[in-house]
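Descriptive analysis of the structure
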Amino acid sequence: MKAVVSTQSTGKYGYGDVKGEKSALSSNLLIENTFSEQGLLCIEDIVKQLFEAGPHFSLITKFMYPFKLTPPKGGFRRVATSFKQNGAWGNRAEKINALVRKML
């Protein structure tokens, strides 16, 4: 998954545990207040730490709530066959971003 899709989805659908409450990651101010000691100031910094498994990876994964994905808009087609054979399951490689966008 590309960092652009992750940044967009984290900003739009991401939630974090701030003082025991579930809060939307809608503003960089929230991230700056929570992670200022670690030098993380914005959503892009969080995504970079997650992508590169940086030194603050475990701290961020404990902070963030998991994304809830829904079935893709329009549904899956041909579930019984592999993606290489125009089915739904299997390795999508570069086309995973399109699937994730449909599921968010």
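Everything below is about the structure shown above.
Notes on the structure in this doc start here.

**Considering the pairing of strand β2 (residues 21–24)**
Pairing geometry for strand β1 (residues 15–18) and β2, over four bridges, is antiparallel. Looking at β2, one finds that D17 is bridged to K22. The antiparallel pairing of β1 with β2 creates a hairpin that spans two residues between the two strands, and K19 there sits at a positive phi of about 55°.

**What about a nonpolar patch on the surface?**
A cluster of nonpolar side chains, Y13, F67 and L69, forms an exposed patch at the surface whose accessible area comes to about 260 Å². With respect to the element layout, Y13 can be found in helix α1 (residues 3–13).

**Some words on the side chain of Q49**
The residue Q49 is located in helix α3 (residues 43–52) in this model. At 3.1 Å, the side chain of Q49 forms a polar contact with the backbone nitrogen of H56. Once residues lying within four places of it in the same chain are set aside, the contact partners of Q49 are L40, G54, P55, H56, F57 and I60.

**Overview of the nonpolar core**
Grouped together as the largest cluster of nonpolar side chains are twelve residues: V18, L25, L30, I31, F35, L40, I43, I46, V47, I60, F63 and M64. At the level of elements, α2 (28–35), α3 and α4 (57–63) are the ones that each hand at least two residues to this core. Among residues more than four places away in sequence, those in contact with L30 are V18, S23, A24 and L25.

Thresholds applied
Residues numbered from 1 in each chain as written. Predicted model: local features only at pLDDT ≥ 70, side-chain atom pairs only at ≥ 80, totals over all residues. Heavy atoms only, no water. Pairing = 2+ DSSP bridges. Helix = DSSP H or I, 4+ residues; strand = E, 2+ residues; numbered from the N terminus. Patch = residues over 30% accessible without salt bridge, like charges linked within 9 Å, V, L, I, M, F, W, Y side chains within 5 Å. Areas by Shrake-Rupley, 256 points an atom, 1.4 Å probe, with all protein chains shown as cover. Salt bridge = Lys/Arg side-chain N within 4 Å of Asp/Glu carboxyl O. Polar contact = N/O pair within 3.5 Å; in protein donor to acceptor, adjacent residues only side chain to side chain. Contact = heavy atoms within 4.5 Å. Core = buried A, V, L, I, M, F, W, Y, C linked by side-chain atoms within 4.5 Å. Buried < 20%, exposed > 50% of the residue type's maximum accessible area, 1.4 Å probe, protein only.

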